[in-house]
Amino acid sequence: MDPAFRVASVDDPDAHELLTEYFTMRVHGFDPEAGGYRVVFPTAATFTEPAGVFLVVDDAGSPVGCGGIRMLDPERAEVKHLFLRDAVRGRGWGRLLLAELERRAVLLGASTAVLDTNDSLEAAGSLYRTSGYREVPPYNDNPNATLWFEKPLG
């Protein structure tokens, strides 16, 4: 059974809970002596059309993941906060969520998707590479990122 995707504000209780879980996981995954992980909670306006969109992933009505896109300019959409709870990992839902975010980016006018990640997130890096993303030089100054990717959409 495939997941259901629903548009939600980042302030929606389910979205907020998922984002909090995501950020908590990231904080615990970073070495505090190396500077730790800087949490920046997204603003609703950034992920509301036409500026972007935020999705909650539901499994039989229960929220199990999230992700968003925000338009950086009229042609580039950035994938942000792609997260699935452990209970649903390994089902291919990360790939489905990424594809749905890319589809919605095209609807917002994007011809390119970009994203940043950290090399400690090996599964994420593998997902992005096998989904057609290629490494590019940094396009932002995100202190949490060590890898930057880009993919043409269409």
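Located above this text is the structure these notes cover.
Residues numbered from 1 in each chain as written. Predicted model: local features only at pLDDT ≥ 70, side-chain atom pairs only at ≥ 80, totals over all residues. Heavy atoms only, no water.

Q: Looking at this model, I keep getting lost on the packing of aromatic side chains. Mind explaining?
A: Each pair of aromatic rings is reported with the distance of its centres and the angle of its planes. Taken as a whole and assessed by the stated rule, the structure comprises 5 aromatic pairs. Look at Tyr 22 and Phe 23: their rings are 5.3 Å apart centre to centre, the planes differ by 55°, and that puts the pair in the tilted class. As far as the burial class goes, Tyr 22 and Phe 23 line up, both buried. Measuring from ring centre to ring centre gives 6.0 Å for Tyr 128 and Phe 149, while their planes differ by 55°; the resulting arrangement is tilted. Separated by 21 residues along the polypeptide, Tyr 128 in helix α3 (residues 122-130) and Phe 149 in strand β7 (residues 147-152) bring together distant segments of the chain. The pair formed by Tyr 128 and Phe 149 is uniform in burial state, with each residue classed as buried. The structure contains a cluster of three or more aromatic residues connected by ring pairs, namely Tyr 22, Phe 23 and Phe 83. Taking the ring centre of Trp 93 as reference, the NZ or CZ of Arg 91 above it sits at 4.8 Å. (Phe/Tyr/Trp six-rings, centres within 6.5 Å; stacked < 30°, edge-to-face > 60°. Buried < 20%, exposed > 50% of the residue type's maximum accessible area, 1.4 Å probe, protein only. Helix = DSSP H or I, 4+ residues; strand = E, 2+ residues; numbered from the N terminus. Lys NZ or Arg CZ within 6 Å of the ring centre and 35° of its normal.)

Q: What is the right way to look at the pairing of strand β5 (residues 112-117) in this model?
A: Remark: a regular strand shows side chains that alternate across the two faces of the sheet. By the criterion of burial, β5 is predominantly enclosed, with 6 of the 6 residues buried. Taking every second residue as pointing to the same face, both faces of β5 are buried, with Thr 112, Val 114 and Asp 116 on one and Ala 113, Leu 115 and Thr 117 on the other. Of the strand pairs in this sheet, strand β4 (residues 76-84) and β5 are connected by 3 bridges, and their pairing is parallel. For Arg 76, the partnering residue across the bridge sits in β5 and is Thr 112. Considered for its hand, the β-α-β crossover made up of β4, helix α2 (residues 93-107) and β5 is right-handed. Examined bridge by bridge, β5 and β7 share 6 bridges and lie antiparallel to one another. Looking at the pairing, Leu 115 lines up with Phe 149 of β7. (Pairing = 2+ DSSP bridges. Right-handed = clockwise from strand over helix to strand, strands pointing away.)

Q: Help me understand the sheet that holds β4 in this model?
A: In a beta sheet, neighbouring strands are held together by backbone hydrogen bonds and run either parallel or antiparallel to one another. One open sheet holds the 7 strands; their spatial order is β1-β2-β3-β4-β5-β7-β6, and the pairing between them is mixed. One side of each edge strand has no neighbouring strand; the edge strands of this open sheet are β1 (4-7) and β6 (134-135). In the packing of α2 onto the sheet, the strands contacted are β1, β2 (52-59), β3 (62-73), β4 and β7, and the crossing angle to β4 comes to about 155°. (Contact = heavy atoms within 4.5 Å. Axes fitted to C-alpha atoms, helices over the stretch in contact; angles between N-to-C directions.)

Q: Can you help me understand the pairing of β7 in this one?
A: By the bridge criterion, 2 bridges tie β6 to β7 in an arrangement that is antiparallel. Across the sheet, the residue bridging to Arg 134 is Glu 150, located in β7.

Q: How do you make sense of the packing of α2 against α3 when you look at a structure like this?
A: Two elements in contact, α2 and α3, have axes whose closest approach is 11 Å; the angle formed by their N-to-C orientations is 55°. Taken together, α2 and α3 sit at an angle that is classed as oblique. Here the hand of the crossing between α2 and α3 comes out right-handed. Across from Gly 94, Arg 95 and Leu 98 in α2, the residues of α3 making contact are Leu 127, Tyr 128 and Thr 130. Each residue belonging to the contact of α2 with α3 can be placed in one class, and the counts come to 3 nonpolar, 2 polar and 1 charged. (Parallel < 35°, antiparallel > 145°, perpendicular 65-115°, else oblique. Left-handed = near helix turned anticlockwise from the far one by under 90°. Nonpolar A, V, L, I, M, F, W, Y, C, P; charged D, E, K, R; others polar.)

Q: What's the story with the pattern of salt bridges in this structure? I'm lost.
A: Overall, the coordinates contain 15 salt bridges when judged by the stated rule. With a closest N to O distance of 2.7 Å, Arg 6 and Asp 58 form a salt bridge. Of the two residues, Arg 6 is situated in strand β1 and Asp 58 in strand β2; the sequence distance between them amounts to 52 residues. Salt-bridge contacts for Asp 86 lead to Arg 89; the nearest nitrogen and oxygen are separated by 2.9 Å. Taking the relative accessible area as the measure of exposure, Arg 89 reaches 40% and is therefore partly exposed. One salt-bridge network, held together by shared partners, links Arg 6, Asp 12, Asp 14 and Asp 58. (Salt bridge = Lys/Arg side-chain N within 4 Å of Asp/Glu carboxyl O.)

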